[in-house]
Amino acid sequence: MKEILARLEGKRQAARMGGGEQRIAVQHGKGKLTARERLDVLLDPGSFEEYDMFMEHRCVDFGMAEQKISGDGVVIGSGTINGRLVYVFSQDFTVFGGSLSETHAEKICKIMDMAMTAGAPVIGLNDSGGARIQEGVAALAGYANVFQKNIMASGVIPQISVIMGPCAGGAVYSPAITDFIFMVKDSSYMFVTGPDVVKTVTNETVTQEELGGAITHTVKSGVADVAFENDVEALIQVRRLVDFLPLNNREKSPDFPTFDHADREEMSLDTLVPDNPNKPYDMHELIHKVIDEGDFYEIQPTHAKNIITGFGRIEGQTVGFVANQPMVLAGCLDINASRKAARFVRFCDCFNIPIVTFVDVPGFLPGTRQEYDGIIKQGAKLLFAFGEATVPKITIITRKAYGGAYDVMASKHLRGDLNFAWPRAEIAVMGAKGAVEIIFRADIGDEAKIEARTQEYSAKFANPFIAAGRGYIDDVIMPHASRRRIARGLRMLKNKDLGNPWKKHDNMPL
Ligand code: HXC
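Residues numbered from 1 in each chain as written. Predicted model: local features only at pLDDT ≥ 70, side-chain atom pairs only at ≥ 80, totals over all residues. Heavy atoms only, no water.

**Here's the deal with the site of the ligand**
- Taken together, the neighbourhood of the ligand is formed by 19 residues, with Arg-23, Lys-30, Gly-97, Gly-129 and Ala-131 sitting nearest.
- Between the ligand and Lys-30 there is a distance of 3.0 Å, counted from an oxygen atom to a side-chain nitrogen or oxygen.
- Between the ligand and Ile-133, the relevant distance is 3.1 Å, taken from a nitrogen atom to a main-chain nitrogen or oxygen of the residue.
- Considered on its own, the ligand offers 1000 Å² of accessible surface; in the complex 54% of this is hidden by protein.
- Ranked by residue count, the leading element in the shell around the ligand is helix α5 (residues 137-153), at 3 residues.
- Of the residues contributing to the shell around the ligand, the split by class is 10 nonpolar, 6 polar and 3 charged. (Near = heavy atom within 4 Å. Polar contact = N/O pair within 3.5 Å; in protein donor to acceptor, adjacent residues only side chain to side chain. Areas by Shrake-Rupley, 256 points an atom, 1.4 Å probe, with all protein chains shown as cover. Helix = DSSP H or I, 4+ residues; strand = E, 2+ residues; numbered from the N terminus. Nonpolar A, V, L, I, M, F, W, Y, C, P; charged D, E, K, R; others polar.)

**Description of the environment of Tyr-297**
- Of note, Tyr-297 is situated in strand β10 (residues 297-299).
- Counting along the chain gives 16 residues from Tyr-297 to Arg-313, while the straight-line C-alpha distance between them is 9.7 Å.
- The residues contacting Tyr-297, other than those within four sequence positions of it, are Phe-182, Phe-228, Gln-237, Val-238, Arg-240, Leu-241, Phe-244, Thr-309, Gly-310 and Phe-311.
- Of note is the side chain of Tyr-297, whose polar atom sits 2.8 Å from the backbone oxygen of Gln-237. (Contact = heavy atoms within 4.5 Å.)

**Focus: the pairing of strand β12 (residues 317-324)**
- The buried count for β12 comes to 7 of 8 residues, which makes it a mostly enclosed element.
- As defined by bridge partners, strand β11 (residues 307-314) adjoins β12 across 8 bridges and the pair is classed as antiparallel. Looking at β12, one finds that Ile-314 is bridged to Gln-317.
- Note: β12 against strand β13 (residues 355-361), 4 bridges, orientation parallel. (Buried < 20%, exposed > 50% of the residue type's maximum accessible area, 1.4 Å probe, protein only. Pairing = 2+ DSSP bridges.)

**What about the pairing of β11?**
- Of all 8 residues that make up β11, 8 are buried, and the element is covered over most of its length.
- The alternating pattern of β11 places Ile-307, Thr-309, Phe-311 and Arg-313 on one face and Ile-308, Gly-310, Gly-312 and Ile-314 on the opposite face, and all of these are buried.
- A loop of 2 residues connects β11 with β12, the two strands running antiparallel in sequence, and Glu-315 in this loop sits at a positive phi of about 50°.

**Re unusual backbone geometry**
- Positive phi is not limited to glycine here, since Asn-203 has a value of about 65°.
- Within the secondary structure, Asn-203 is located in the loop between α7 (195-202) and α8 (208-212).
- With relative accessibility at 56%, the residue Asn-203 sits in the exposed group.

**Section: helix α11 (residues 283-290)**
- Among the residues making up α11, those that are buried are Met-283, His-284, Leu-286, Ile-287 and Val-290. Buried residues of α11 fall within an arc of 160° about the axis and therefore sit on the same side.
- Of the surrounding elements, those touching the buried residues of α11 are β10, β11, β12, β13, β14 (393-402) and α19 (482-492).
- Sitting at the head of α11, Asp-282 places a side-chain oxygen 2.9 Å from the backbone nitrogen of His-284. (Arc of directions from axis to C-beta.)

**Structural notes on the side chain of Asp-349**
- Checked against the element boundaries, Asp-349 lands in helix α12 (residues 335-350).
- No salt bridge is formed by the buried Asp-349; the nearest opposite charge belongs to Arg-415, separated by 7.0 Å.
- Side-chain polar atoms of Asp-349 contact the backbone nitrogen of Thr-390, separated by 2.8 Å.
- Polar side-chain contacts of Asp-349 include one of 3.2 Å to the backbone nitrogen of Val-391.
- Ignoring sequence-local partners within four residues, the contact set of Asp-349 consists of Glu-388, Ala-389, Thr-390 and Val-391. (Lys, Arg positive; Asp, Glu negative; His and termini not counted. Salt bridge = Lys/Arg side-chain N within 4 Å of Asp/Glu carboxyl O.)

**Section: the sheet that holds strand β2 (residues 74-81)**
- Across the sheet, which stays open at both edges, the 7 strands sit in the order β1-β2-β3-β4-β5-β7-β9 with mixed pairing between neighbours. Of all strands in the sheet, those bounded by a partner on one side alone are β1 (49-51) and β9 (226-228). Averaged over neighbouring strand pairs, the angle between their axes works out to 20° when direction is ignored.
- Across 5 bridges, strand β4 (residues 122-126) lies against strand β5 (residues 159-163) in parallel orientation. Bridging across to β5, Val-122 finds its partner in Gln-159.
- Against the sheet, helix α3 (residues 35-42) makes contact with β1, β2, β3 (84-91) and β4, and its axis sits at roughly 160° relative to β3, the strand it touches most. (Axes fitted to C-alpha atoms, helices over the stretch in contact; angles between N-to-C directions.)

**Points about the packing of aromatic side chains**
- All chains considered together, the criterion is met by 13 aromatic pairs.
- Ring centres of Phe-311 and Phe-344 lie 5.0 Å apart, and the angle between their planes is 45°; this geometry places the pair in the tilted category. Of the two residues, Phe-311 sits in strand β11 while Phe-344 sits in helix α12, which places them 33 residues apart along the sequence.
- The class for Phe-311 is buried, based on a relative accessible area of 0%.
- Arranged with centres 5.9 Å apart and planes meeting at 35°, the rings of Phe-321 and Phe-358 form a pair that is tilted. In this pair, Phe-321 sits in strand β12 while Phe-358 sits in strand β13, placing the two residues 37 residues apart along the sequence.
- The exposure class of Phe-321 is buried, given its relative accessible area of 0%.
- Grouping aromatic residues by their ring pairs yields a cluster made of Phe-180, Phe-244, Tyr-297, Phe-311, Phe-344, Phe-347 and Phe-351.
- We note Lys-32 situated over the ring of Phe-93; from NZ or CZ to the ring centre the distance is 4.7 Å. (Phe/Tyr/Trp six-rings, centres within 6.5 Å; stacked < 30°, edge-to-face > 60°. Lys NZ or Arg CZ within 6 Å of the ring centre and 35° of its normal.)

Okay, here's the thing in structure tokens:
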């Protein structure tokens, strides 16, 4: 028996060493943790249960029969984050560059099946040279099998990807399907084709970092959600995100006890909106002052900054916040903002997270660039997402709600449950000056007349009372009472039961 145990321990030890000391040293030299060290940071101490530690690849070509490493380049298992169950896979770059073989893919698929059965999130730590070149189509099949699992899990369990090294070619599409992508600055990159192929095909010279580094994807493309300084920071932030999320689509998010009283009034909010309607203010301030203890988890903080998306809590319950940001592009909606917010709203709706929307929007961004790139269909995504969402929806118009953007931003007409406005809200087809220049075109040139008409239009529409008079606004509230009114509303809507008509699935404008 002793001998058997010693053999078992020896095999375990060999598997734990992955590609060996030298490759581990290279990994550390790049400022990266190993696959197992990453799991140590991600999961509660002692909670990790590993599976398939002894699985090996079945490839015999190119001398692979002699090169077998226990575990085959991916560590899989379950564990807990602050006591709540999660499933994980962590690719081991020290084993064949973390490349994905048939067996490696089978392990990822297995963990996804287990997560679906148990109803718990899957977190994938990606660090891989892509398809195992020696295996050819078997590796490609493996990728497709993983994609199919990702698709089936979408909207059922939260899926989180952390890119901690290379992620290239078709390998990018598994993370792309998942709900959140985090990247590590300087050590991770994602692209469909690398700089060499780009040079050959388009003659563009671009570095790996410029083409698909963490900054590129969290600022320009919006493919990734947040960029972190290093492995440890990224993993700690995944833990923090998981704390906001329910385990699956049948559960509510966890209850976080708070000392922050639901009736807390923030008098400073009464002066948040400047007197000058064209002067910006930071919408973050409103979010921070309304949520429990100012604890906000922003999603895509550096992409499409004209809209803010993220999670906070009210009375200990997770809420998804969507808010126009007057500090950037005056808070108008453009293609990137619409796409960013639409995906966030759909995530919240999948996972029973109520949505609170703060509106200060002068309209959609005009221009040929926007029209040619399809603002019509891209903007419709956000409209569609808000309209189909059946979770509790509370909206506060802080200042402007003009034109189509008024409709889009979780208006009453899109089944908003509680729609409030602050006293200085302006709900109109457009700003007063623009409106007058259209309906009184004949008066253009006569400054006095235009000014008088503008005053008249402003007096009529630059307030919330016409909308409130029609019941489109349920109440005009004082800014300092926002937290209390939201908290009460959410309490009231706790058992909201709203469905959509039966359909196989919708055909949202993609
Ligand atoms: C097998 C691989 C591998 C791969 C790396 N290795 N990628 N083995 N299949 N795809 C091995 C290397 O042989 C090496 O083995 C070890 O991993 C580390 O690789 P290095 O090149 O030394 O590391 P580094 O310099 O950091 O470069 C990392 C890299 C590079 C940029 C990822 O290895 C690379 O370009 N690999 C190929 C990438 C690629 O073309 N993959 C296929 C993409 S297409 P030793 O034994 O020396 O340690 C794809 C299709 C998916 O993925 C389609 C799905 C639909």
